[in-house]
Amino acid sequence: ATGSNDRQTKFWARNRMGSPVVGTGSGVDGVEEDEDDEDAMELLKDEMELGNHVGIVIGRRGATIISMQRATGTKMHVDQVRRVLQIEGTARQIDTVKKRVGALLDRVSNDFESG
């Protein structure tokens, strides 16, 4: 079945890393201007330990991880066997994801301790 019709396939077809996003360039004729140097736009891969909080990061039906991917422009994958979050994006995007996931895990840990 090459032409899958489910929503997740359509999402990934629209939101591939490296594909141009319509209407977001500040440059003229669709050419974006470099804010920093070219190294800032380089795609990097990083991992983040999740421990026992894999389900919290994924969210119900993937809602949490999908919304984070959309908000930050990164591509994320949870390796449930190794319990790590794999992140692909620019250095700034990866830093943003790490802060958001860290805040989420801190919030969950504080709720667990107080409740």
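Residues numbered from 1 in each chain as written. Predicted model: local features only at pLDDT ≥ 70, side-chain atom pairs only at ≥ 80, totals over all residues. Heavy atoms only, no water.

Asker: Outline helix H4 (residues 91–114), supporting the account with residue identities and numerical values.
Answerer: If you check H4, its first and last C-alpha atoms are 34 Å apart, about what 24 residues at 1.5 Å a residue would give, namely 34 Å. By the burial criterion, the buried members of H4 are Gln93, Ile94, Val97, Val101, Gly102, Leu104 and Leu105. Each element contacted by the buried residues of H4 is listed here: strand E1 (44–49), helix H2 (54–58), helix H3 (63–72), strand E2 (75–79) and strand E3 (84–89). (Helix = DSSP H or I, 4+ residues; strand = E, 2+ residues; numbered from the N terminus. Expected span 1.5 Å × (residues − 1). Buried < 20%, exposed > 50% of the residue type's maximum accessible area, 1.4 Å probe, protein only. Contact = heavy atoms within 4.5 Å.)

Asker: Give a detailed account of the pattern of salt bridges, specifying residues and quantitative values.
Answerer: The tally for this structure, following the rule as stated, stands at four salt bridges. Note that Lys98 and Asp46 form a salt bridge whose closest N and O atoms lie 2.5 Å from each other. Here Lys98 is found in helix H4, whereas its partner Asp46 is found in strand E1, with 52 residues between them in sequence. Classification of Asp46 by relative accessible area gives partly exposed; the value is 28%. Here Asp79 and Arg82 are joined by a salt bridge, their closest N and O atoms 3.5 Å apart. Here Asp79 falls in the buried class, since its relative accessible area comes to 17%. One network of salt bridges, in which partners are shared, links Glu47, Asp79 and Arg82. (Salt bridge = Lys/Arg side-chain N within 4 Å of Asp/Glu carboxyl O.)

Asker: Explain the packing of H3 against H4 to me, using residue names and the numbers behind them.
Answerer: In the contact formed by H3 and H4, the axes pass within 10 Å of each other and the chain directions differ by 145°. The crossing of H3 and H4 is right-handed. Taking contact as the criterion, the partners of Thr64, Met68, Ala71 and Thr72 in H3 are, on H4, Gln93, Thr96, Val97, Arg100, Val101 and Leu104. Taken together, the residues of the contact of H3 with H4 break down into five nonpolar, four polar and one charged. (Axes fitted to C-alpha atoms, helices over the stretch in contact; angles between N-to-C directions. Left-handed = near helix turned anticlockwise from the far one by under 90°. Nonpolar A, V, L, I, M, F, W, Y, C, P; charged D, E, K, R; others polar.)

Asker: Explain H3 to me, using residue names and the numbers behind them.
Answerer: Those residues of H3 not exposed but buried are Ile65, Met68, Gln69 and Thr72. Here the buried residues of H3 occupy an arc of 100° about the axis, which is enough to place them on one side. Facing away from the buried side of H3, by more than 90 degrees, are the exposed residues Arg70 and Ala71. (Arc of directions from axis to C-beta.)

Asker: Could you give an account of unusual backbone geometry, naming the residues involved and the relevant values?
Answerer: In the Ramachandran plot, Arg61 falls in the positive-phi region, its phi being about 55° despite a non-glycine side chain. Along the chain, the position of Arg61 falls in the loop between H2 and H3. Residue classification places Arg61 among the exposed positions, given a relative accessible area of 81%.

Asker: Talk me through the nonpolar core; I want residue IDs and the actual numbers.
Answerer: One finds Leu50, Val57, Met76, Leu85 and Val101 to be the most contacted residues of the largest nonpolar core, which totals 15 residues. Secondary structure elements with two or more residues in this core: H2, H3, E2, E3 and H4. Top element by residues in this core is H4. It accounts for five residues. With residues near it in sequence (within four places) discarded, Leu50 still touches Val57, Val78, Arg83, Val84, Leu85, Val101 and Leu105. (Core = buried A, V, L, I, M, F, W, Y, C linked by side-chain atoms within 4.5 Å.)

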